[in-house]
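If you want the building blocks of each chain, they are given just below.
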Amino acid sequence: PDDRAATEARGRRLAAGARAVSFDNRNRRRDGSWCWLAWSAVAEGDAIYAVARDVTDQKTAAAELLATKEAAE
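Please read all numbers here as calculations on a predicted model, not as lab measurements.

Draft legend 1. Quick look at the nonpolar core. Counting residues in hydrophobic clusters, the biggest one holds 5 residues: Leu 14, Val 21, Phe 23, Ala 41 and Ala 43. Elements represented by at least two residues in this core include exactly strand E1 (20-28) and strand E2 (34-44).

Below, the structure written as C-alpha cells:
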C-alpha cells in the first residue's frame, strides 16, 4: 500500500506516452511476506510490456551495509 501511489504514477506516465519506465516497489507474496521487485516497462501501441525481478536480497544487503557503516562511525 505504501508504494501504490508511485506505482500508479509510473503507469500514468506510460499511458500518457512515455516510452519506458523503471521503478522498484514492494509486493506481497502468497505466504504473506513482502518482496521488492525491480520493474522495467515499455509501452508499445495500446499495450504495456513489463518484466520484474526480485531484488529483495540486494535491498536487504544494502540496508545492512548502511547500518553497519553508520554503527562504525
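From this point on, the discussion continues.
Draft legend 2. Structural detail: the side chain of Asn 25. As for its placement among the helices and strands, Asn 25 is situated in strand E1. What makes Asn 25 buried here is its relative accessible area of 6%. Reaching out from Asn 25, the side chain makes a polar contact with the side chain of Asn 27 at a distance of 2.7 Å. At a separation of 3.0 Å, a polar atom in the side chain of Asn 25 contacts the side chain of Trp 39.

Draft legend 3. Highlighting the sheet that holds E1. Taken in spatial order, the 3 strands of this open sheet run E1-E2-E3, and their pairing is antiparallel. The open sheet has two free edges, formed respectively by E1 and strand E3 (47-54), since each of these has just one partner strand. Averaged over all pairs of adjacent strands, the angle between strand axes in this sheet comes to 30°, irrespective of strand direction. Pairing of E1 with E2 involves 9 bridges; the strand directions are antiparallel. Bridge pairing in E2 places Val 21 opposite Ala 41. Its contacts with the sheet put helix H1 (residues 4-15) on E1, E2 and E3, and the angle it makes with E1 is roughly 150°.

Draft legend 4. Expanded view of the layout of surface pockets. Within this model, the largest pocket holds a volume of roughly 220 Å³. Every residue along the wall of the largest pocket is listed here: Pro 1, Asp 2, Asp 3, Arg 4, Thr 7, Glu 8, Asn 25, Arg 26, Asn 27, Arg 28 and Trp 34. For the lining of the largest pocket, the secondary structure elements donating two or more residues are H1 and E1. Of all the elements, E1 adds the most residues to the lining of the largest pocket, at 4 residues. Of the residues belonging to the lining of the largest pocket, the class tally is 2 nonpolar, 3 polar and 6 charged.

Draft legend 5. Here's a closer look at the environment of Ala 72. Counting through the fold element by element, Ala 72 comes out in helix H2 (residues 56-72). Ala 72 sits in the exposed class, given a relative accessible area of 69%. C-alpha of Ala 72 to C-alpha of Ala 18: the two residues are 54 residues apart in sequence and 43 Å apart in space.

Cut-offs and rules
Residues numbered from 1 in each chain as written. Predicted model: local features only at pLDDT ≥ 70, side-chain atom pairs only at ≥ 80, totals over all residues. Heavy atoms only, no water. Core = buried A, V, L, I, M, F, W, Y, C linked by side-chain atoms within 4.5 Å. Buried < 20%, exposed > 50% of the residue type's maximum accessible area, 1.4 Å probe, protein only. Helix = DSSP H or I, 4+ residues; strand = E, 2+ residues; numbered from the N terminus. Polar contact = N/O pair within 3.5 Å; in protein donor to acceptor, adjacent residues only side chain to side chain. Pairing = 2+ DSSP bridges. Axes fitted to C-alpha atoms, helices over the stretch in contact; angles between N-to-C directions. Contact = heavy atoms within 4.5 Å. 1 Å grid on protein atoms, 1.4 Å probe; cavity = no way out; pocket = protein on both sides within 12 Å on 5 of 7 lines; lining within 4 Å. Points joined across faces, edges and corners; volume = space filled by probe spheres on them. Nonpolar A, V, L, I, M, F, W, Y, C, P; charged D, E, K, R; others polar.

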